[in-house]
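Examination of the molecular architecture
As a plain string of letters, each chain reads:
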Amino acid sequence: MSAFNRRSLIKGGAALGAMGAAGLLDFAKAWAQTNQWKPEAGASLNMLRWKRFVEAEDKQFMAMIDAFTKATGVKVNISNESFDDIQPKASVAANTGQGPDLVWGLFSLPQLFPAKCLPVEDVADYLGKKYGGWVPAAQAYGQFQGKWVAIPVAFNGGYINYRISSMNKSGFKEFPKDTGGFLELCKAMKANNFPIGFALGHATGDGNSWCHWALWSHGGYLVDKDDKVILNSPETAKALEYVKALYDTFTPGTASWNDSSNNKAFLSGDVHLTGNGISIYAAANAQGMKAIADDMNHAQWPIGPVGKPTEFQLAFPLLAFNFTKYPQACKALMAYMLEAENYNPWLEAAAGYLTHPLNAYDNNPVWTKDPKNTVFRDAAKRTLTAGGVGSIGEKAAAALADFIVVDMFANYCTGREDLKGSIRVAERQAQRLFR
Amino acid sequence: MSDSVAGRVPAPAVRHPTWWDRLRINRNWLGFWFMAPAAAILILFLAFPLGKGVWLSFTDAKIGRAGSFIGLENYEWLGLPWWRDSDGVFWLSVFNTLVYTIVASIVKFAVGLYLAILLNQNLPFKAAIRSIVLIPFVVPTVLSAIAFWWIFDSQFSIISWSLRHLGIIDYNINFLGDPNNARASLIFANIWRGVPFIAITLLAGLQTVSPSLYEAATLDGASKWQNFRFVTFPLLTPIIAVVMTFSVLFTFTDFQLIWAMTRGGPVNSTHLMATLSYQRAILAGNLGEGAAIATAMVPFLLFAIMVSWFGLQSRKWQQGGEDS
């Protein structure tokens, strides 16, 4: 981003290091004095967020909210829901005009009802200017027709997890950077009896992320920028052939894998290469599995024939509804959360599970303290958005929930359909959704 | 008919009952009043949701947004199996549902009947054994589904592990990753769960058969098989009709087992109509499309009910009459 300069780097680096609850409170009080969004008198907020995956992240988040309440007098109720339940609840709230004031959800949530979202142009501008600018994917998720309707608080990166020794023994010193080399590595690992596997079942996170990478890296897309279905293309066919070749190196059973299957298999040593968030590494460290933690590393998704990163990472946008009685309090909380003094320790606590959408946070120590975390730093910069090149609205969300792309690959890989048939089945599903 | 008869006091004017009186005291209306609460509950909690579901299937409703009427469009997108451009995933789910229901119901019936007859014998610890048989039915479905998910896991299956350590196989069985294996695994889990219900209900039926019938038959020289075929089975048909109707309905609309174990995968080969409807309506947000799939289940269910109702209902000879 153009606004990314040395000054913002310094700001992003300010207040690093673990900050105790007292430090947070001091900051919150000072911040409340100069804050430009003065909360309404007697304001109290209800916020719905996704259920935590990393305990330390949740603790830091609650400490931050607690300091906000103490400094501003605004009570904030936090309720948690699992990933799958956030969207229905938020949709009902948007439609009925009552419910939580703020929802911290996934992917395209604000795009489902942009007219019901509180405009947050000023908050986004303020944060963008102060912290080195938003990454493009953050703009795409936060804006509707060029106007900010949500604050993309964080992303969640999913990358390749591999065992270093197994890769070395298979004749590779470094992790391959392109799709061709990656396929060679997979073949070599299989030949050396190091099982590998990526989820090809209905795995909302892991399945969607690697299948979309495979499709996009070859230039195939479900829809074009006008949401016209263009799946049936030579590029898609090439992606299918590529994934079939990869699949032939997989351990049996990947077509049944859900989001937790590869975690279990990797930690038990039954799989030596897979695609996942940082949770496997975190679990290996937390459970004292030193042998695995020391021997594993992460790698970025290889670049395909299109020549640029085509990753698909999870986004977490935070929106406020326009029916809220306390819009200023909502904006204050949004801005407060992303201030360096709050965001830096939070990012550290999340231990790589959350990736920042603002360039200035690139130098948070979480990314360098442990070099195995570094890959996750760029998740927000390297990702495309939920619609590929198309819009990020409810249709793209439905296509993900219906596993159209995952099933297309699974259909071809497992031999249920031939190449044309797999594409046709997926195209038919897409046409139903994008009609 | 003259008014001038001496000594007659003029009759008081006949009071005709008003419509309100009729509603209050007429016996027919009274019956209606007694039924009204039950009817209200049925309409509110059964008929209304069903009607609403059917209505939704004619709209493009999304979660949180009332849709507008679009006629049969949702159904047109599902298509018919012989159309060139029908919805393959939907029709695959119909096929899966039928296979799942038919295979599971037949096996459940056979095993359940066998168990019921066994339990009807004089066994030591009869009461204890009968309660143990019920356990699979008592365990919450999601719990047993998760247990089966581990049993059928592609890496950690206890079955694969045992067979490997016995030296019978040298690879892990791909239980849930291969379409047909996955179907078989799910059907097995469903059978395990469903057998106790059938066994215990049939056992109740068996115990109503009077021993004197067996005595008479045995005196006439009937073998054990003939005893079963010509005494037990005919007397059991009414209860079989009821229990199989329930069994088929439960199996057809099964959801938790599939969702916890495969979520419809691999490649939709275990998607039932119920799970596909949930995926499209709730997860993908297209309430109308999901409602269309749910509504499409109704004819199949009606058909199943009809079959057991007319095929297996009590015959007149069972009450001592002539069969018509």
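Residues numbered from 1 in each chain as written. Chains lettered and ligands numbered in written order. Predicted model: local features only at pLDDT ≥ 70, side-chain atom pairs only at ≥ 80, totals over all residues. Heavy atoms only, no water.

1. Concerning the domain arrangement of chain B
Basically, it comes down to this: What fixes the domain bounds is an automatic or database domain assignment.
Split by domain assignment, chain B resolves into domain 1 (19-56) and domain 2 (79-316). Spacing between the C-alpha centres of domain 1 of chain B and domain 2 of chain B amounts to 35 Å.

2. Quick word on the UniProt feature "domain: ABC transmembrane type-1" (unreviewed entry) in chain B
Heads up, the condition is: UniProt positions are given in the numbering used here, feature names are shortened, and annotations may be inferred rather than shown by experiment. A helix here means a DSSP run of H or I that spans at least four residues, while a strand means a run of E at least two residues long, and both kinds are numbered starting from the N terminus.
Taken from the UniProt record, the annotation "domain: ABC transmembrane type-1" (unreviewed entry) applies to residues 94-310 of chain B. For residues 94-310 of chain B, the helix share is 76%, the strand share is 0%, and the end-to-end C-alpha distance is 24 Å.

3. Observations regarding the sheet that holds strand β7 (residues 159-163) of chain A
All names here are of chain A. This is how it is decided: Strands were regarded as paired on the criterion that DSSP finds at least two bridges between them. Geometry is summarised by axes, namely lines fitted to C-alpha atoms with helices restricted to the contacting stretch, and by angles between N-to-C directions that run from 0 to 180 degrees.
With antiparallel pairing, three strands are arranged side by side in an open sheet as β8-β7-β9. In this open sheet, the two strands that pair with only one neighbour each are β8 (273-276) and β9 (296-299). For this sheet, the mean angle separating the axes of adjacent strands, direction not counted, is 30°. Strand direction decides the pairing type here: β7 and β8, joined by four bridges, are antiparallel. Across the sheet, residue I160 finds its bridge partner in β8, namely G275.

4. A short note on the nonpolar core
As a reminder of what qualifies: Put simply, buried Ala, Val, Leu, Ile, Met, Phe, Trp, Tyr and Cys residues joined by side-chain atoms within 4.5 Å make one nonpolar core. Burial classification: accessible surface area is computed with a 1.4 Å probe over protein chains only, and a residue below 20% of its type maximum counts as buried, one above 50% as exposed, and the rest as partly exposed. Note on contacts: a residue pair qualifies if any of its non-hydrogen atoms lie within 4.5 Å across the two residues.
With 159 residues, the main nonpolar core has L273 and F409 of chain A as its most contacted residues. In this structure, F409 of chain A is in contact with L200, C211, A214, L215, A239, L240 and V243 of chain A, ignoring residues within four places of it in sequence. One finds A145, I191, V195 and I258 of chain B within the second-largest nonpolar core, a separate group that totals 18 residues.

5. So, the interface of chain A and chain B
Condition: Put simply, buried area is the surface a 1.4 Å probe can reach on two separate parts but cannot reach once they are joined, added for both. For salt bridges, the criterion is a side-chain nitrogen of Lys or Arg within 4 Å of an Asp or Glu carboxyl oxygen. Each polar contact in these results corresponds to two N or O atoms within 3.5 Å; when the atoms are within protein, one needs to be able to donate a hydrogen and the other to accept it, and residues that are neighboring in sequence are counted only if both atoms are side-chain atoms. Only Asp, Glu, Lys and Arg are considered charged, only Ala, Val, Leu, Ile, Met, Phe, Trp, Tyr, Cys and Pro nonpolar, and every remaining residue, Gly among them, polar.
With 38 residues of chain A at the contact, the number on the chain B side is 41 residues. Buried surface at the junction of chain A and chain B, both sides included, amounts to about 3,300 Å², of which 48% is carbon and sulfur. At the boundary of chain A with chain B, the tally comes to nine salt bridges. Between D402 of chain A and R280 of chain B there is a salt bridge, with its nearest N and O atoms 3.9 Å apart. For the interface between chain A and chain B, the tally reads 15 residue pairs in polar contact (both at pLDDT 80 or more). If you list the elements that add at least two residues to the side of chain A that touches chain B, you get α4 (83-96), α12 (261-267), α19 (394-401), α20 (404-413) and α21 (419-433) of chain A. Per element, the largest residue contribution to the side of chain A that touches chain B is seven residues, and it comes from α21 of chain A. Here the side of chain A that touches chain B is built from residues that sort into twelve nonpolar, 15 polar and eleven charged.

6. Section: the packing of aromatic side chains
All names here are of chain A. Our working definition: Side-chain rings of Phe, Tyr and Trp, where Trp is taken by its six-membered ring, are said to pair if the distance between their centres is within 6.5 Å; with planes under 30 degrees apart they count as stacked, over 60 as edge-to-face, and otherwise as tilted.
Scanning the model with the defined rule gives 57 aromatic pairs over all chains in all. Look at W104 and W346: their rings are 5.6 Å apart centre to centre, the planes differ by 50°, and that puts the pair in the tilted class. Taken as a pair, W104 in strand β3 (residues 102-104) and W346 in helix α16 (residues 340-350) lie far apart in primary sequence, 242 residues in all. Pair check on accessibility: W104 and W346 agree, each one buried. Every member of this aromatic cluster is reached through a ring pair, and the members are Y162, F175, F182, F198, W210, W213, Y242, Y247, F250 and W301.

7. Examining the side chain of S157 of chain B
Residue and element names in this part refer to chain B. Mapped onto the secondary structure, S157 falls in the loop between α7 (141-151) and α8 (158-165). For S157, the side chain forms a polar contact with the main-chain oxygen of I151, separated by 2.6 Å. In this structure the side chain of S157 is engaged in a polar contact, spanning 3.1 Å, whose partner is the backbone nitrogen of I159. With near-sequence residues (within four places) excluded, S157 lies in contact with W150, I151, F152 and F175.

8. Things to note about the environment of G42 of chain A
Residues and elements named next belong to chain A. Assignment of secondary structure puts G42 in the loop between α2 (21-34) and β1 (44-50). Among the residues examined, G42 registers a relative accessible area of 68% and is labelled exposed. Separated by 337 residues in sequence, G42 and A379 place their C-alpha atoms 39 Å apart.

9. Looking at the domain arrangement of chain A
All names here are of chain A. What the domain assignment lists for chain A is domain 1 (6-157 + 313-384) and domain 2 (159-311 + 402-433). Placing a centre on the C-alpha atoms of domain 1 and another on those of domain 2 gives a separation of 30 Å. Contact residues are listed per partner, giving 15 residues for domain 1 and 21 residues for domain 2. When the two sides are added together, the surface that domain 1 and domain 2 hide from each other amounts to roughly 1,600 Å², 56% of it contributed by carbon and sulfur. When the buried surface of domain 1 facing domain 2 is broken down by residue, K372, R382 and L384 rank first, second and third, together holding 48% of it. At the boundary of domain 1 with domain 2, the tally comes to one salt bridge. Among the salt bridges present, the one from R382 reaches E311, with a minimum N-O distance of 2.7 Å.

10. With respect to the sheet that holds β3 of chain A
All names here are of chain A. Spatial strand order, β2-β1-β3-β11-β6: five strands in an open sheet with mixed pairing. The strands lining the two open edges of the sheet, one partner per strand, are β2 (75-81) and β6 (151-156). Along the sheet, successive strands turn relative to each other by an average axial angle of 15°, direction set aside. Two strands pair when backbone bridges link them, and β1 and β3 are joined in this way by three bridges, in the parallel orientation. Each bridged residue has a counterpart across the sheet, and for L48 the counterpart in β3 is V103.

11. What to know about the UniProt feature "transmembrane region" (unreviewed entry) in chain B
Residues and elements named next belong to chain B. In the UniProt entry, the feature "transmembrane region" (unreviewed entry) is given for residues 29-48, 89-119, 131-152, 191-209, 230-252 and 291-312. Taken end to end, residues 89-119 comprises 100% helix and 0% strand; its first and last C-alpha atoms sit 43 Å apart. In residues 191-209, helix accounts for 89% and strand for 0%; the two terminal C-alpha atoms are 27 Å from one another.

12. Points about the packing of helix α9 (residues 179-207) of chain B against helix α11 (residues 224-252) of chain B
All names here are of chain B. Quick note on the threshold: Oblique is the label for any angle not covered by the other classes, which are roughly parallel (under 35 degrees), roughly antiparallel (over 145) and roughly perpendicular (65 to 115). For a crossing to be left-handed, the near helix must be turned anticlockwise from the far one by less than a right angle; the clockwise case is right-handed.
As a packed pair, α9 and α11 sit with axes 10 Å apart at the nearest point and diverge in direction by 150°. On the basis of their axis angle, the class for α9 and α11 is roughly antiparallel. Judged by the twist between their axes, the crossing of α9 over α11 is right-handed. Contact with α9, carried on its side by N190, F197, I198, T201, L202, G205 and L206, involves T232, L236, I239, I240, V243, M244, F246, S247 and T251 of α11 and no other residues of that element. Counted by class, the contact of α9 with α11 contains ten nonpolar, six polar and no charged residues.

13. Regarding the pairing of β9 of chain A
Residues and elements named next belong to chain A. Burial along β9 is two-sided: the residues M296 and H298 and N297 and A299 are all buried. Pairing geometry for β7 and β9, over four bridges, is antiparallel. Looking across to β9, one finds that I160 is bridged to A299.

14. Things to note about the pattern of salt bridges
Here the structure, examined in full by the defined rule, presents 28 salt bridges over all chains. Between E289 of chain B and R435 of chain A there is a salt bridge; the shortest N-O distance is 3.8 Å. With E289 of chain B in helix α14 (residues 287-312) and R435 of chain A in the segment after α21, this residue pair bridges two chains. Accessibility expressed as a relative area gives 10% for E289 of chain B, which makes it buried. Connected via shared salt-bridge partners are D402, R432 and R435 of chain A together with E73, D87, R280 and E289 of chain B.

15. A look at the environment of K395 of chain A
Residue and element names in this part refer to chain A. Here K395 is to be found in helix α19. Given the relative accessible area of 32%, K395 is considered partly exposed. When the C-alpha atoms of K395 and N161 are compared, they prove to be 31 Å apart, with 234 residues separating the residues in sequence. Dropping the residues within four chain positions of it, K395 is found in contact with L433, F434 and R435.

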